[in-house]
Amino acid sequence: MTSAATSLSESPVQPALRTHVPPSVEFLAVGGVTLILFPALWLLRKLIGLDSAELAVGFLMFHGAHLINDPHFAVTYLLFYKDAKRRAFGNAFAPAQRARYLAAGLLIPVALTIWLIFALSSRSAGPLGGLIQLMFLLVGWHYVKQGFGVLRVLSARRGVRFSLLERRAILAHCFAGWAYAWASPATPAALAEEKGVIYWSLAHPPWLEHVTLIAFALSALLLAAVLFRKWQREQRFPPLAPLTGLLVSIWVWSVYSSADPLLVYVIPALHSLQYLYFVWLLTHNKSKSAQQEPYFGPSPAQRLALLAVSSIALGWLLFHGAPDLIDGARLTEHRHSHERFGPLGATPYFAAFFAFVNIHHYFMDNVIWRRENPDMRPLQY
């Protein structure tokens, strides 16, 4: 969800098809609920203690991933590969967008598959650990870009436009926040574990943390100045919900994600909720358009129900069904042969699926939510 809003404000909205969402609901869905969770989680810690609260929240988020986090990844595949032949080789996309589609839909998954085949066949944690670190690097980019898209799309739906200077200032703050979030805290190279894989993490030197902190602070000052000038010129700030979605994505979910020991468990679900809100908005508007003459397609409720069920099923397959089946067979072999698990751990295929889907999701998302994608036009309603 990166730049779809540029074209949205240039074409007229069809009032009959506009999806009206209560401002309070939209505010909560795109990030505002985070602000409510801070006092709620603090109160939970005070009532039952940190250990019990951490166990309860961790348990809830682990199982809640089946309905929120996993479908948020899976629905990207359903959106991206729908009508794939026409998008990749037909006239659905302009040449530049078609090239992006082929890169994200074909080249990236092929490259990731080759990388994982080498890592798993070599039984070395180094290549798989490298892919996991790439995932951690790109997740911050994904979070801040989605926050930028939230601001652009929802502001455009309200008739608020941003100049080139304003867009650059917002993006500068996004990328500076991403850089600082990745560079801090400063740590030496050390053994790390993720999904059972034990690997050497990259060093984050102190100078890198200091440089990115300065860049982040300067970008925050620039953004504040640009927004103040916008208020002087237009007598209004960007709408509250999209501005909250942007700032929460950068400051709370990325840079200071560990500010609350319990919120860190909830952030992936909050990010997924933000994403799924736009999937709902897009699908709802498309189905309303399809009901107009001469199409009379399925109702919004039917389309959304089918998409929800499909996303939950595909999410289960990607993160549980397929990797559990393969890792389970591998575990049985090890029991019969009495071999010890190496640095890849007992669930290397779960780690491989997890890293693959996350990284591929970032690239697909960068193609789907663009103004060059004609399928994004219903977001204007």
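Preceding this section is the structure that the text describes.
Each chain carries its own residue numbering, running from 1 in the direction its sequence is written. Residue-level local features of this predicted model are given only where pLDDT is at least 70; pairs of side-chain atoms are given and counted only at 80 or more, and the full residue set underlies all totals for whole chains, interfaces and linings. To obtain the side-chain values, all non-hydrogen atoms of the structure were used and water was disregarded.

**Student:** What should I look at first to understand the overall build of the protein chain in this one?
**Tutor:** Runs of H or I in DSSP of at least four residues are treated as helices and runs of E of at least two as strands, each being numbered from the N terminus. Secondary structure summary: the protein chain contains 13 helices and two strands in total. Atoms counted for the radius of gyration: C-alpha only. Globule rule: 2.2 Å times residue count to the power 0.38. Here the C-alpha radius of gyration of the protein chain, 22 Å, is about what a compact globule of 381 residues would show, namely 21 Å. For the C-alpha atoms alone, the extent of the protein chain along its principal axes is close to 70 × 50 × 45 Å. Here's how the labels work: a residue is buried when its accessible area is under 20% of the maximum for its type, exposed when over 50%, partly exposed in between, all with a 1.4 Å probe on protein chains only. A total of 381 residues make up the protein chain; the buried ones form 47% of that total. By sequence separation, contacts in the protein chain at least 24 residues apart represent 76% of the contacts at least 6 residues apart. Asp and Glu are treated as the negative residues and Lys and Arg as the positive ones, with His and the ends of the chain left uncounted. Here the site of a charge means NZ on Lys, CZ on Arg, CG on Asp, or CD on Glu. Side chains of the protein chain give 31 positive and 20 negative charges; the mean places of these two sets differ by 11 Å. Whether two residues are in contact is decided by their heavy atoms: any pair within 4.5 Å suffices.

**Student:** Is there a simple way to explain the layout of surface pockets in this structure?
**Tutor:** Rolled over the atoms, a probe with the dimensions of a water molecule shows which regions are left empty. Think of a 1 Å grid over just the protein atoms. A cavity is a set of points where a 1.4 Å probe fits yet cannot get out, a pocket is an open set with protein on both sides within 12 Å along at least five of seven lines, and lining residues have an atom within 4 Å of a point. Grid points are joined across faces, edges and corners, and a volume is the space filled by probe spheres set on the points. The space that makes up the largest pocket amounts to roughly 1700 Å³. With eight residues, helix H7 (residues 125-157) is the largest single contributor of residues to the lining of the largest pocket. The space that makes up the second largest pocket amounts to roughly 370 Å³. Lining the second largest pocket are 19 residues, with Leu78, Leu79, Lys82, Thr283 and Leu307 positioned closest to its centre. At the level of elements, helix H4 (69-80), helix H11 (263-290), helix H12 (300-337) and helix H13 (348-368) are the ones that each hand at least two residues to the lining of the second largest pocket.

**Student:** How do you make sense of the packing of aromatic side chains when you look at a structure like this?
**Tutor:** Two aromatic rings, taken as a pair, are described by how far apart their centres are and by the angle between their planes. Note on ring pairs: Phe, Tyr and Trp rings are taken, using the six-membered ring of Trp, and paired if centres are within 6.5 Å. Classes follow the plane angle, with under 30 degrees stacked, over 60 edge-to-face and the rest tilted. By the definition in use, this model includes 18 aromatic pairs. Centroid distance Phe93 to Tyr101: 5.6 Å. Interplanar angle 65 degrees. Geometry classified as edge-to-face. In this structure, Phe93 and Tyr101 share a single accessibility class: buried. Between the aromatic rings of Phe350 and Phe354, the centroid separation amounts to 6.1 Å while the plane-to-plane angle is 55 degrees, which identifies the pairing as tilted. Of the two residues, Phe350 and Phe354 both sit in helix H13, four residues apart, roughly one turn of that helix. The structure contains a cluster of three or more aromatic residues connected by ring pairs, namely Tyr77, Phe80, Tyr81, Phe93 and Tyr101. Here the guanidinium or amino end of Lys195 rests over the ring plane of Phe354, the centre of that ring lying 4.1 Å away. We call a charge positioned above a ring when the Lys NZ or Arg CZ atom is no farther than 6 Å from the ring centre and deviates by at most 35 degrees from the ring normal.

**Student:** For this particular structure, what's the right way to read the pattern of salt bridges?
**Tutor:** When a carboxyl oxygen of Asp or Glu lies within 4 Å of a side-chain nitrogen of Lys or Arg, that pair is called a salt bridge. Evaluation of the coordinates by the stated rule reveals eleven salt bridges. Salt-bridge contacts for Glu234 lead to Lys230; the nearest nitrogen and oxygen are separated by 3.2 Å. Of this pair, Glu234 and Lys230 both sit in helix H9 (residues 206-234), four residues apart, which is roughly one turn of the helix. Between Glu234 and Arg236 there is a salt bridge; the shortest N-O distance is 3.7 Å. The class for Glu234 is partly exposed, based on a relative accessible area of 29%. What makes Arg236 partly exposed here is its relative accessible area of 37%.

**Student:** Looking at this model, I keep getting lost on the pairing of strand E2 (residues 197-200). Mind explaining?
**Tutor:** Burial of E2 is one-sided: the residues Val197 and Tyr199 facing one way are buried, the residues Ile198 and Trp200 facing the other way are not. Pairing between strands is defined by DSSP: at least two bridges between them are needed. From the end of strand E1 (residues 191-194) to the start of E2, which pair antiparallel, there are two residues, and Lys195 there has a positive phi angle of about 55 degrees.

**Student:** So what exactly am I meant to see when it comes to H7 here?
**Tutor:** Because an α-helix packs 3.6 residues into every turn, residues spaced three or four apart end up facing the same way. A helix is expected to reach a length of 1.5 Å times the quantity of its residues less one. Under the 1.5 Å per step criterion, the end-to-end length of H7 is 47 Å for 33 residues, consistent within 8% with the ideal 48 Å. Burial of H7 is extensive: 27 of the 33 residues sit out of reach of the surface. Gly159 sits one or two positions beyond H7 and adopts a positive phi of about 80 degrees.

**Student:** So what exactly am I meant to see when it comes to the side chain of Ser155 here?
**Tutor:** Looking at where Ser155 falls in the secondary structure, it is placed in helix H7. Look at Ser155 and you get buried, because its relative accessible area is 0%. Identification of polar contacts relies on pairs of N or O atoms within 3.5 Å, with a donor-acceptor requirement for protein atoms, meaning one able to donate a hydrogen and the other able to accept it, and with residues adjacent in sequence counted only if both atoms are side-chain atoms. There is a polar contact of 2.6 Å between the side chain of Ser155 and the backbone oxygen of Leu151. Excluding residues within four positions of it along the chain, Ser155 makes contact with Val150, Val160, Phe162, Pro239 and Pro242.

**Student:** Help me understand the packing of H4 against H13, please; the structure alone is not making it clear to me.
**Tutor:** The axes of two packed helices give the description: the angle between them and the distance between them. Put simply, H4 and H13 touch, their axes get as near as 10 Å, and they point 50 degrees apart. Taken together, the axis directions place H4 and H13 in an arrangement best described as oblique. Of the two elements, H4 crosses H13, and the hand of that crossing is left-handed. Of the residues in H13, those in contact with His72, Phe73, Thr76, Tyr77, Leu79 and Phe80 of H4 are Phe356, Val357, Asn358, His360, His361, Met364, Asp365, Val367 and Ile368. Helix axes are fitted only over the stretch in contact, all axes being lines through C-alpha atoms; the angle between N-to-C directions runs from 0 to 180 degrees. Note that the term roughly parallel is reserved for angles under 35 degrees, roughly antiparallel for angles over 145, roughly perpendicular for angles of 65 to 115, and oblique for everything else. The sense of a crossing depends on the near helix, which, turned anticlockwise from the far helix by less than a right angle, makes the crossing left-handed and, turned clockwise, makes it right-handed.

**Student:** Before we go on, may I ask you to explain the nonpolar core in this structure?
**Tutor:** In globular proteins that are soluble, nonpolar side chains generally tend to be buried together. Within this scheme, the nonpolar core is defined by two criteria: the residues are buried Ala, Val, Leu, Ile, Met, Phe, Trp, Tyr or Cys, and they are joined through side-chain atoms within 4.5 Å. Grouped together as the largest cluster of nonpolar side chains are 53 residues, with contacts concentrated most on Leu128, Val197, Phe278, Trp369 and Leu379. Every element with two or more residues in this core is listed here: helix H2 (23-48), H4, helix H6 (95-122), H7, E2, H11, H12 and H13. Setting aside residues no more than four positions away along its own chain, Val197 makes contact with Ala125, Leu128, Ile132, Ala192, Pro343, Leu344 and Ala351. Formed by 16 residues, the second largest nonpolar core is a distinct cluster that contains Val160, Phe162, Leu223 and Leu243.

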